[in-house]
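Secondary and tertiary structure notes
These are the residues of each chain, in order.
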Amino acid sequence: MKKTAYMTMLCLAGSLLVATSTQAQTSKLVLREDNIEEVVNAMTTEEKVTLLVGGLPEGFKSEVKGVAGHTRPIERLGIPYTVLADGPAGLRFNPTREGTDQTFYCTGFPTSTLLASSWDPELVETVTTAMGNEVLEYGVDVLLAPGMNIHRNPLCGRNFEYYSEDPVLSGKMAAAYVRGIQSNGVGTSAKHFAANNQETNRTENDARVSSRALREIYLKNFEIVIKEGKPWTVMSSYNALNGEYTQQKQGLLTTVLRDEWGFDGIVMTDWGGKDNTVKSAKSGNDLMEPGYQMEIDRLMAAVKDGQISQEELDRNVRNLLNYIVKTPRFKGYKYSNKPNLKAHAQVARQAAQEGIVLLKNDKSTLPMNGSEKVALYGVTSVDFVPIGTGSGQVNTAYTVNMQQAMTEAGFTLDEHLAEFYRSIDAQENAVDMMERGRVTRRKHAEIAVSTKAIGLQAQANDVAVVVIGRQAGEGEDRILKDDFELSAVERELLQNVAMAYHAQGKKMIVVLNIGGVIETASWKHLADAIVLPWSPGQEGAHAVADILAGKVNPSGKLSMTFPVSYMDIPSSKNFPYDPTDRSPRRGTKRNVDFTEYEEGIWVGYRYFQTNDVEVSYPFGYGLSYTTFAYSKPTVKADANGFKATVTVTNTGKVAGREVVELYVATPAGGLEKPARELKAFGKTKMLAPGESETLTFNVSAYELASFNEDASAWETASGNYQVLFGASVTDIRCTSAFKMSKAQAWKVNDALGKK
Ligand code: GLC
């Protein structure tokens, strides 16, 4: 008896031991890179659902203050929270924190439009390697960038955060951006996926876009970034696309993004979920940001009643865990909170130098010799605009203005005039602009200078520099009056300064510190030189002065078209440039509740160049202080595509870099196509006078294809192709040709709605 009891006790103890060790084993189960499946199986439904909704548990404190959002921790399983912060021109969070006098400034790098104007993916990677280091060293896991929606219309308020009107330039820049950031072991978020090309009513607007325009224009850049950048995350946009919110559009988020393009990261919403959270989760939107309890409740209910299957739930959870195990926070990285801001500021300055575009330089007005007496006009010469407003803003320690930069470059400013502009309080000077019935303060209302004063200044100084400023921003589109168009005061200032200085045989230089395209055709004749720094970051004014003084030879080229007038733009009759006019009935207002992309693929130069419509400055245009010659190109083609080379020689007197744009004209017949489309580009190294460099370009047969929506297929026609090497889309320096012997097609899913 005793023995049996003894044995029973032993077994009991043993099973208890096993149980405890199993329990200990289970409670010791912690997430690792190699046990994700085990963790998924060990998670409760509540834990799984919690992981799919952003935010932090009640009372939980993130170490990093003022960021955009988080993913939630599940401490039982060793799953940490992770930190998501904006934005494209630099890390954005609170520069100060309670309890410490340490500051947490970030570097304000040039905006995406200026980076694109460099046409230099290597430069972009250099910039974002520095930017990504700040993300890492400040304890953030994902930078919510690149913003990369196509510049469908110049009045989109966020164009400064985006790259271009052309999907190849946009996609290549975004891919370089992603590689640079992620080289630090932190993530990015390609946004806003997709067709988020206006700010007016952005959370509800239904973009109605043909499959061909989507595939060739609005999705092509995202396809490139996914395949060549491999971003950890994608951010679905607020808007709807062909009648479905993009965050709920399975055809977009799963069929195209994952099944066709091979995306293996997570999709998060933009910062606002829609009512149908369940449809978002089922469609492939893994993470709801910023995350609300009601979204957890909805998902819990949907799991319980079977609206969401266990497979769908586990699929999204698996995606989240695969993301989390990549993050520095999961890896326990000990971040310093002390990135090298001084070094990064120099990177920002060099990037601005490379992206600034010289639009006009009559009679070699520029470069100046750097010691001239300069009359510096314009309120923006003091209130210089480094970036636009909204989530893309960066809290920097400083922004250099034009007065400081010109003085440091060696110029002597007209001190009386400089004092006049310093005495103007930019905030007081801001004018209230009515936008959608609400007052938004738009800074930089220009101040008049009397003709008498200008006359005296024209005698006392060697040259006039006039800075025209604009600040665009998230959440509102731009308008024509005093925004796309010059204000009356600005026009008068340019006229009076030009007249007075020309009367003295002196010159006027205009600096466009703007966030997006403005009207230039009606006044550019007044200026002897025009320099376009866009919104060039905290060091941008130094870069402008470097170019004016000839320390740097400008090499930037336009990433979008400057039209003669706004209504020349095909999309302008389908764009909300009068957002204050809102119809009372929702869902019925054109360009507000829905926007018809009636122009289809005819965006930017594809329209202007094909139809020979005059523009003020064409896509790809930019001047240099030197000149370049292009050799006879070589082109070798086969069924897989072609390889081209061209040799560029510096035929001028100063060193410089040249951007070469490779366009292709496809055989006549079949689908109606643009006369030429950008398929590749390259930028020479710095070439000394007389020095040459041979650039090589590779274009695949797939990259030559156009989208046939009736066949739901990419098609590369057989026949004769022209290859054009341009200094801009209209300045073709040399051409070549090749024959594609047989047609090729790549079928895709007809998953995006609207023919
Ligand atoms: C904003 C923006 C998005 C940003 C996010 C977080 O609404 O659309 O670009 O990343 O919210 O701030």
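It should be noted that the structure appears before, not after, this text.
The paragraphs below set out a description of the structure included in this document. (Residues numbered from 1 in each chain as written. Predicted model: local features only at pLDDT ≥ 70, side-chain atom pairs only at ≥ 80, totals over all residues. Heavy atoms only, no water.)

1. Quick look at the nonpolar core
Here is a general trend for soluble globular proteins: nonpolar side chains tend to be buried in one another's company. Counting residues in hydrophobic clusters, the biggest one holds 84 residues, and the most contacted among them are L91, F93, F193, V209, Y218 and L678. When residues in this core are grouped by element, the largest group, nine residues, is from helix α6 (residues 167-182). In this structure, V374, L486, V497 and V517 belong to the second largest nonpolar core, which totals 79 residues. (Core = buried A, V, L, I, M, F, W, Y, C linked by side-chain atoms within 4.5 Å. Buried < 20%, exposed > 50% of the residue type's maximum accessible area, 1.4 Å probe, protein only. Helix = DSSP H or I, 4+ residues; strand = E, 2+ residues; numbered from the N terminus.)

2. So, the packing of α6 against helix α8 (residues 220-228)
How two helices sit against one another is set out by the angle between their axes and by the gap between those axes. One can describe the packing of α6 onto α8 by two numbers: an axis separation of 8 Å at closest approach and a directional angle of 30 degrees. Comparing the axis directions of α6 and α8 gives the class roughly parallel. Both α6 and α8 take part in a crossing whose hand is right-handed. When α6 is examined against α8, the residues P167, V168, S170, G171, K172, A174, A175, V178 and R179 are found in contact with a partner set consisting of K220, N221, I224, V225 and E228. Broken down by class, the residue content of the contact of α6 with α8 amounts to seven nonpolar, three polar and four charged. (Axes fitted to C-alpha atoms, helices over the stretch in contact; angles between N-to-C directions. Parallel < 35°, antiparallel > 145°, perpendicular 65-115°, else oblique. Left-handed = near helix turned anticlockwise from the far one by under 90°. Contact = heavy atoms within 4.5 Å. Nonpolar A, V, L, I, M, F, W, Y, C, P; charged D, E, K, R; others polar.)

3. What to know about the sheet that holds strand β7 (residues 206-208)
Hydrogen bonding along the main chain pairs the strands of a sheet, whether they run parallel or antiparallel. Read across the sheet, four strands follow the order β10-β9-β7-β21 without closing on themselves; strand pairing throughout is mixed. In this open sheet, the two edge strands, each paired with only one partner strand, are β10 (244-245) and β21 (594-596). Pairing of β7 with β21, which is carried by three bridges, proceeds in the parallel orientation. By the bridge assignment, R208 is partnered in β21 with E596. (Pairing = 2+ DSSP bridges.)

4. Concerning the pattern of salt bridges
Applying the stated rule across the entire model yields 42 salt bridges. Ionic pairing is found between R215 and E260, a salt bridge with its closest N-O pair at 2.7 Å. Note that R215 is positioned in helix α7 (residues 211-218) and E260 in helix α9 (residues 250-260), a separation of 45 residues in sequence. Residue E260 is classed as partly exposed on the basis of its relative accessible area of 22%. In this structure, K220 engages E223 in a salt bridge whose closest nitrogen and oxygen atoms are separated by 3.0 Å. Here the residue K220 and the residue E223 both occupy positions in helix α8, the gap between them amounting to three residues, near one helical turn. Classification of E223 by relative accessible area gives buried; the value is 4%. Taken together, the salt bridges that share partners define one network made up of R158, E161, E199, R202 and E474. (Salt bridge = Lys/Arg side-chain N within 4 Å of Asp/Glu carboxyl O.)

5. Here's the deal with the site of the ligand
Taken together, 13 residues are adjacent to the ligand, and D86, K191, H192, Y238 and D270 come closest. Between the ligand and R158, the relevant distance is 2.9 Å, taken from an oxygen atom to a side-chain nitrogen or oxygen of the residue. In isolation the ligand exposes 310 Å². Once the protein is present, 92% of that is buried. The class makeup of the residues in the shell around the ligand is five nonpolar, two polar and six charged. (Near = heavy atom within 4 Å. Polar contact = N/O pair within 3.5 Å; in protein donor to acceptor, adjacent residues only side chain to side chain. Areas by Shrake-Rupley, 256 points an atom, 1.4 Å probe, with all protein chains shown as cover.)

6. Quick look at the sheet that holds strand β1 (residues 69-71)
Taken in spatial order, the six strands line up as β1-β2-β5-β6-β8-β11 in an open sheet, and their pairing is mixed. Every other strand in the sheet has two partners, leaving β1 and β11 (266-268) as the edge strands with one partner each. As defined by bridge partners, β1 adjoins strand β2 (residues 82-85) across three bridges and the pair is classed as antiparallel. Bridging from a neighbouring strand, G69 pairs with L84 of β2. Packed on one face of the sheet, α6 meets β5 (142-143) and β6 (187-193) and runs near 150 degrees to β6.

7. Some thoughts on the packing of aromatic side chains
Scanning the model with the defined rule gives 24 aromatic pairs in all. Measuring from centroid to centroid gives 5.3 Å for W119 and F681, while their planes differ by 85 degrees, and the two rings are edge-to-face. Here F681 lies in strand β27 (residues 677-683) and W119 lies in the loop between α4 (112-117) and α5 (121-137), a separation of 562 residues in the sequence. On the basis of relative accessible area, F681 is assigned to the buried category, the value being 14%. An aromatic cluster is built from W119, Y605, F619, Y663 and F681, whose rings are joined through pairwise contacts. The side chain of R97 reaches across the aromatic face of F93, ending 5.4 Å from its centre. Directly above the aromatic system of Y617 lies the positively charged group of K524, at a separation of 4.3 Å from the ring centroid. (Phe/Tyr/Trp six-rings, centres within 6.5 Å; stacked < 30°, edge-to-face > 60°. Lys NZ or Arg CZ within 6 Å of the ring centre and 35° of its normal.)

8. Some points on the pairing of strand β26 (residues 659-665)
Burial analysis of β26 places seven of its seven residues in the buried class, which makes it a mostly covered element. The alternating pattern of β26 places V659, E661, Y663 and A665 and V660, L662 and V664 on opposite faces, both of which are buried. Pairing geometry for β26 and β27, over six bridges, is antiparallel. Residue pairing across strands places L662 opposite A680, the latter belonging to β27. Where β26 lies against strand β31 (residues 719-726), five bridges are found, and the strand directions are antiparallel. Bridge pairing in β31 places Y663 opposite L724.

9. Considerations on the side chain of N197
Within the fold, N197 resides in the loop between β6 and β7. Engagement of the side chain of N197 in a polar contact is seen with the backbone oxygen of I150, the distance being 2.8 Å. Setting aside its immediate chain neighbours within four residues, N197 contacts N149, I150, R152, C156, Y218, F575 and Y597.

10. Here we look at α5
The α-helix advances 3.6 residues per turn, and as a result positions three or four apart in sequence lie on the same side. With 17 residues, α5 extends 24 Å between its outermost C-alpha atoms, agreeing within 8% with the 24 Å of an ideal straight helix rising 1.5 Å per residue. L123, V124, V127, T128, A130, M131, G132, E134, V135, L136 and E137 are the residues of α5 that are buried. (Expected span 1.5 Å × (residues − 1).)

11. Focus on α7
Most of α7 is tucked away: eight of the eight residues are buried. Every buried residue of α7 is listed here: S211, R212, A213, L214, R215, E216, I217 and Y218.

12. Some details on the environment of G229
Tracing the sequence through the fold places G229 in the loop between α8 and β8 (233-236). The spacing of G229 and G180 is 49 residues in sequence and 9.2 Å in space, taken between C-alpha atoms. If we skip the residues at most four places from it in the chain, G229 touches A175, V178, R179, Q182 and I224.

13. Points about the pairing of strand β25 (residues 641-650)
Of all ten residues in β25, seven are buried; the element is thus mostly enclosed. In this structure, strand β23 (residues 628-630) lies alongside β25, joined through three bridges in antiparallel fashion. Along β25, the bridge assignment pairs F628 with N650. As judged from the five bridges shared by strand β24 (residues 634-638) and β25, these two strands associate in the antiparallel manner. If you follow D638 over to β25, its bridge partner there is G641. Where β24 hands over to β25, the hairpin turn is made up of two residues, counted between the paired strands. Pairing of β25 with strand β28 (residues 692-700) involves nine bridges; the strand directions are antiparallel. Paired with V648 across the strands is E693, a residue of β28.

14. Brief notes about unusual backbone geometry
Omega for the bond connecting F193 with A194 falls within 30 degrees of zero, at 10 degrees, which places this linkage in the cis form. Note that A194 resides in the loop between β6 and β7. A positive phi angle, close to 60 degrees, is found at D482, a residue other than glycine. Within the secondary structure layout, D482 lies in helix α18 (residues 480-484).

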